[in-house]
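Below are the chains, spelled out letter by letter.
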Amino acid sequence: MTMALLIAAFLMGFFGSPHCLGMCGGIVTAFGLSMKEASPAKKRDLIATYHLGRLLSYALLGLIAGVIGTTVLTPLMVGNSTPRILLGLVLVFIGLTMLGLPFLNKLERLGMHFWQALAPLRQKVFPLNTFPRALTAGLLWGFLPCGLVYGALLMAVVGHDPLTGAVLMFVFGLGTVPMLVATHGTVNWMRNQIGRLRLRQVNGVIMMLSGLAVIAVPMIMANMHGGHGQMNHEQMNHEQMNHEQMNHE
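Note that this is a predicted model, so its numbers are computed, not measured. As a convention, each chain's residues are numbered from 1 in the sequence order in which they are written. With pLDDT at 70 or above as the cut-off, local features in this predicted model cover only qualifying residues; side-chain atom pairs require 80 or more to be listed or tallied, and sums for whole chains, interfaces and linings still use all residues. To get the side-chain values, all heavy atoms of the structure are used, and hydrogens and water are removed first.

K.L.:
Give a description of the packing of aromatic side chains that names residues and reports values.
P.N.:
The pairing test for Phe, Tyr and Trp rings, Trp by its six-membered ring, is centres within 6.5 Å, and the orientation test on the planes gives stacked under 30 degrees, edge-to-face over 60, and tilted for anything in between. Inspection of every chain in the model, using the stated rule, returns eight aromatic pairs. Ring geometry for phenylalanine 31 and tryptophan 141: centres 5.8 Å apart, planes at 85°, overall edge-to-face. Separated by 110 residues along the polypeptide, phenylalanine 31 in helix 1 (residues 3-34) and tryptophan 141 in helix 6 (residues 131-141) bring together distant segments of the chain. This pair shows no difference in class: phenylalanine 31 is buried, exactly as tryptophan 141 is. Over the face of the ring belonging to tryptophan 141 we find arginine 54, whose NZ or CZ atom lies 4.8 Å from the ring centre. Positioned over the ring face of tryptophan 115 is arginine 122, at 4.0 Å from the centre of the ring. The helix and strand labels rest on DSSP assignments: H or I over at least four residues marks a helix, E over at least two residues marks a strand, and numbering proceeds from the N terminus. Note on exposure labels: buried denotes an accessible area under 20% of the residue type's maximum, exposed denotes more than 50%, and partly exposed covers the range between, all computed with a 1.4 Å probe on protein chains only. Two thresholds decide whether a charge sits over a ring: the Lys NZ or Arg CZ must be within 6 Å of the ring centre and within 35 degrees of the ring normal.

Have a look at this one:
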């Protein structure tokens, strides 16, 4: 796991969070209303607790995705460039989704069925007046169907091992936190800046270019090295022929 991949996961969460703020914003509002009797200090602690639960849920999903990737993909990746190519393709795919292409909409609809099945359990955590309830609410929140989350899970699948998948998803979740804990005025300012500067799209383009670089650069370097090696080999053969010719004369 490289620092570049962790940064990519964090930026994906940060620049993608305005897109998902509509649904998640409703959840945050509901949580806030259920904590209205709590003191300001306890309310801050409860907010931190349910966000921790959400990040732990993401990490669990990343762990599962990593196990799937290790189990299914590892036999295909021994002694070849498949891991690098898959990672590059995933980064390109995520970049395209951040540019607005609706590749994961059907997966979101499938996830909605599971989210609705959790409704009875979700209702039992209200009001969020204790830390176990807040933690449970956050853990359940992590299963909210979201194309952005599903895209990040693809990174976890090709992350080479379950621990890497869990860390990537946790860091991705950290990227979404600022937008979801900011005040109303700050949220509007952040959304406006991200929208005005098209930072989500810029990040999508960067991820696409990174994916293409992951795929192409090692191939180009290998070809250059191979060509250089071939030239050296031909030069050695030519020098050997000249040496044999001199000996013959």
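Moving on from the model shown.
K.L.:
Can you break down helix 8 (residues 162-181) residue by residue, with the values?
P.N.:
Every helix has an expected span of 1.5 Å times one less than the residues it contains. An ideal rise of 1.5 Å per residue puts 28 Å on 20 residues; helix 8 measures up with 29 Å between its terminal C-alpha atoms. Taken together, the buried positions of helix 8 are occupied by Thr164, Gly165, Ala166, Leu168, Met169, Val171, Phe172, Gly173, Gly175, Thr176, Met179 and Leu180.

K.L.:
Quick rundown of the environment of alanine 8? Include the residues and the values.
P.N.:
Its location among the elements puts alanine 8 in helix 1. In this structure, the C-alpha to C-alpha distance between alanine 8 and valine 171, residues 163 residues apart in sequence, is 9.4 Å. Setting aside residues up to four positions removed in sequence, alanine 8 forms contacts with Met155 and Met207. By the convention used here, residues are in contact when the closest approach between their heavy atoms is within 4.5 Å.

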